[in-house]
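An overview of the molecular structure
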Amino acid sequence: MSSHAPVLMIIVPLISSLIVLLAGLWRKRLSYPLALAALSASTIAAFSVLFSVMDAGTVRYRLGGWAPPWGIEYVLDHLNAFIAVIVSSISLIVGVYSRKSIEQELSGDKIIYFYPIYLLLVTGLMGIVATGDIFNVYVFLEISSLAAYALIAIGNDKRAPLSSFNYVVMGTIGACFYLLGVGYLYIMTGTLNMADLARLLPPLYHSKVVLVAFAFFVVGVGVKIALFPLHAWLPNAYTHAPSTVSALVASTMTKVGAYVMIRIMFTVFQPSFSTEVVPMASILGWIAAAAAIFGCVMALAQTDFKRMLAYVLIAEVGYIVLGVSAANRAGMTGAILHILNDAFMMACLFLAAGAVMYKLKSVEISDMGGLYKKMPLTMASVVIAGISVVGVPPTAGFFSKWYLVLGSLQAGNWQFAAVLLFSSLMTAIIFFRIIERIYFMPAPGPVPAAGGQRNWAPLDDIPASMLAPILVTAAGILVFGFMSGTIVSRVIQYAVPAGW
Amino acid sequence: MNIDFIIGKYNYWIYIILMMIGFYAMIAKRNLIKKLVGMNIFQTAIILFFVSTGSKRGGATIPIIEGGHGEVDQVINAAHYLNPLPHVLMLTAIVVMVSTFGVALALTIMIYKRYNTLEEDEIL
């Protein structure tokens, strides 16, 4: 059973998406438990793959028994087994949360169609992570993107379809550029298998076709992860989507895209190509630095909590790419650790935004005054995730930022270290503004009758199925902070390309 | 740049021209349907590119094992057959593109129902 775990973590959500659809059409209330069962199975499979990778090194799975490079091969090493666990755990946590939230935000029978598409999105993401074939990545990239387009537009927000439409246009450009890159590499080498490409490409590194292919890959993936200046689709799409969907796509899709970027740059192409033949540190580094500053400046200007988080996400993508572009051990460790931390920080913040939406029917920052009285636990989670985004020590965000700054300094790019510190200051302003609003400002509207009486809610008055995921992600941020040394020494140090 | 370079690789020139037409329409057109048509041209250009890389002139055959039925089995020399893989890749890509187009058209219908127009300037 465990020998098939690499494919089970993808096949289970894929097949259950059909089963959940049929079962949902028969009995509406079956959708949720069946979807959760599928997500749990996928998560268990992902964990079992990670443990076998930690025990015995890279796991290879031949689909249909065909030997690579003819057949498609799933290759899971420390890097993508780790990302697979992050993606499946986050989708399970968000899946638990989804029930009450979408009951309120979706109208009529759309819930029946929500869960199958949700499972397809997870299928696509897990597939991108697991596969060792670059064309297969394209197919899964489009499965996950198509599911995301549909999920973003499924809500009742009037502006959602147009945001999703712009995402379709931009996302298609990104995917097509990626496909062109695949085509150019295929012309040069005649293979699509990543390991085979890594073997055949080095003599061709100075061919213009290979350089163009590399450029197409980076730009195509750059659109998919909303790297500044290709980010224009993201804020609208993530703001107008239903809360559950925002939480899922914000915390997983950009991270998986960043993984594809790392995989192309350092596995398909050798690290020496990405740093010496192409001046990556100077190009991607500056772009990422601009993204980090732009995201923070724009976030500061927002009045809508979800839209503000979307801009913070753009800055976070900048951090990850900054770590990748440093192209040394510390920078790469920081980037991979930040993929984990950012997935949980974004999940926690967007889930909390969903809870605020559930309670107040609005996510305007000005409506959040004095909210700690109504939702003490949710707001405490917002504080934990917020200071983690800023990078205050015991939280996880501090450690990944530490590695990122260290990586920039070791690469001799002190200006990028300065950018990281500057944007941390900006996020501090952003989140302390929110925290001040929540804890020290009165609630808007009529002031309740004075009497000195404590009117704290006993618990956050939101369903337990919504509160628990928020608390789990917030606890995760603290736990990963304390465990970051273990995570780096057990997993991430093997995920960094050899020789650094 | 001599004329042979252009004529000898005419399939790539056609794909690039088509792709740029589509790209222009996706970015510059303000009507949502025109954007989608541009997107389709863009994707079709990529299909053309892939298929043309797999083509071969003058009596190319299919990649099978020759002989059988008592003769000596031998694999056809790679230079003589037509590589089917780009075409197979494009079958998959066509499926992806059709579904993207379908999702985009469904979104356009939703947009039209809510705004009663498909001109981007009037919506915003």
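Residue indices follow the written sequence of each chain, beginning from 1 at its first position. Chains carry letters from A onward and ligands carry numbers from 1 onward, assigned in written order. Per-residue local features are limited, in this predicted model, to residues with pLDDT of at least 70; the limit for side-chain atom pairs, both in listing and counting, is 80 or more; totals at the level of whole chains, interfaces and linings are taken over all residues. Think of the side-chain values as coming from all heavy atoms in the structure, minus any hydrogens and water.

1. A few points about the pattern of salt bridges
All names here are of chain A. Throughout this description, the term salt bridge denotes a Lys or Arg side-chain nitrogen within 4 Å of a carboxyl oxygen of Asp or Glu. The tally for this structure, following the rule as stated, stands at seven salt bridges over all chains. For R199, the salt bridge goes to D196, with nearest N and O atoms at 2.7 Å. One end of the pair is R199 and the other is D196, both in helix α7 (residues 194–200) and three residues apart, which spans about a single turn. Each residue gets one of three labels from its accessible area relative to the maximum for its type: buried under 20%, exposed over 50%, partly exposed in between, using a 1.4 Å probe on protein chains only. The buried category is assigned to D196, whose relative accessible area is 13%. For the purposes of this entry, the term helix denotes a DSSP run of H or I that reaches at least four residues, the term strand denotes a run of E that reaches at least two, and both are numbered from the N terminus.

2. Some details on the nonpolar core
Residues and elements named next belong to chain A. What makes a nonpolar core is a set of buried Ala, Val, Leu, Ile, Met, Phe, Trp, Tyr and Cys residues whose side-chain atoms join them at distances within 4.5 Å. Of all hydrophobic cores here, the largest spans 220 residues; its most connected members are I134, Y238 and F269. With 19 residues, the single largest contributor to this core is helix α14 (residues 329–360). When residues no more than four places from it in sequence are discounted, the contact partners of Y238 are I152, W233, S246, V249, A250, M253, T254, K306, A310, L313 and F350. Any pair of residues with heavy atoms lying within 4.5 Å of one another is described as a contacting pair.

3. Some details on the confidence of the model for chain A
In regions of low pLDDT, the predicted coordinates are not meant to be interpreted in detail. Predicted confidence across chain A gives a mean pLDDT of 87, with 95% of residues reaching 70 or more. This model gives residues 449–454 of chain A a pLDDT under 50, and the stretch forms zero contacts once residues within four places in sequence are excluded. The quantity called pLDDT is the predictor's confidence in a given residue, expressed from 0 to 100.

4. Description of the pairing of strand β2 (residues 73–76) of chain A
Residues and elements named next belong to chain A. Burial of β2 is two-sided: the residues E73 and V75 facing one way and the residues Y74 and L76 facing the other way are all buried. In terms of strand pairing, strand β1 (residues 59–62) meets β2 through four bridges, oriented antiparallel. Following the sheet pairing, Y61 is matched in β2 by Y74. DSSP calls a pair of strands paired once it identifies at least 2 bridges connecting them.

5. Thoughts on the packing of helix α8 (residues 208–224) of chain A against helix α10 (residues 243–268) of chain A
Residues and elements named next belong to chain A. At a closest axis distance of 9 Å, the pairing of α8 and α10 adopts a crossing angle of 170°. The pairing of α8 with α10 is recorded here as roughly antiparallel in orientation. Both α8 and α10 take part in a crossing whose hand is left-handed. Packed against α8, whose contacting residues are F214, F217, V218, V221 and G222, the element α10 presents G257, V260, M261, I264 and M265 at the interface. Here the residues of the contact of α8 with α10 sort into eight nonpolar, two polar and no charged. A fitted line through C-alpha atoms represents every axis, and for helices the fit uses only the stretch in contact; the resulting angles, taken between N-to-C directions, go from 0 to 180 degrees. The labels follow the angle: roughly parallel below 35 degrees, roughly antiparallel above 145, roughly perpendicular from 65 to 115, and oblique for the rest. For any helix crossing, the convention is left-handed if the near helix is rotated counterclockwise from the far helix by under a right angle, and right-handed if that rotation is clockwise. Under the convention adopted here, Pro, Cys and the residues Ala, Val, Leu, Ile, Met, Phe, Trp and Tyr are nonpolar, Asp, Glu, Lys and Arg are charged, and Gly plus all remaining residues are polar.

6. Section: the packing of aromatic side chains
Each pair of aromatic rings taken from Phe, Tyr and Trp, with Trp reduced to its six-membered ring, is defined by centres within 6.5 Å and is described as stacked if the planes are under 30 degrees apart, edge-to-face if over 60, and tilted in the remaining cases. Scanning the model with the defined rule gives 29 aromatic pairs over all chains in all. Both rings, one in A:Y167 and one in A:W233, keep their centres 4.1 Å apart while their planes meet at 5°; by these two values the pair is stacked. With A:Y167 in helix α6 (residues 160–189) and A:W233 in the loop between α8 and α9 (234–240), this residue pair connects regions lying 66 residues apart in the sequence. Owing to a relative accessible area of 2%, A:Y167 belongs among the buried residues under this scheme. Aromatic side chains A:Y184 and A:F216 sit 5.7 Å apart centroid to centroid with 85° between the ring planes, which places their arrangement in the edge-to-face category. Of this pair, A:Y184 sits in helix α6 while A:F216 sits in helix α8, placing them 32 residues apart in sequence. When sorted by exposure, A:Y184 lands in the same class as A:F216, which is buried. A network of ring pairs unites the aromatic residues A:F177, A:Y184, A:F216, B:Y12, B:Y15, B:F23, B:F42, B:F49 and B:F50 as a single cluster. The cationic tip of A:R27 hangs over the ring face of A:W26; the distance from NZ or CZ to the ring centre is 4.5 Å. Two thresholds decide whether a charge sits over a ring: the Lys NZ or Arg CZ must be within 6 Å of the ring centre and within 35 degrees of the ring normal.

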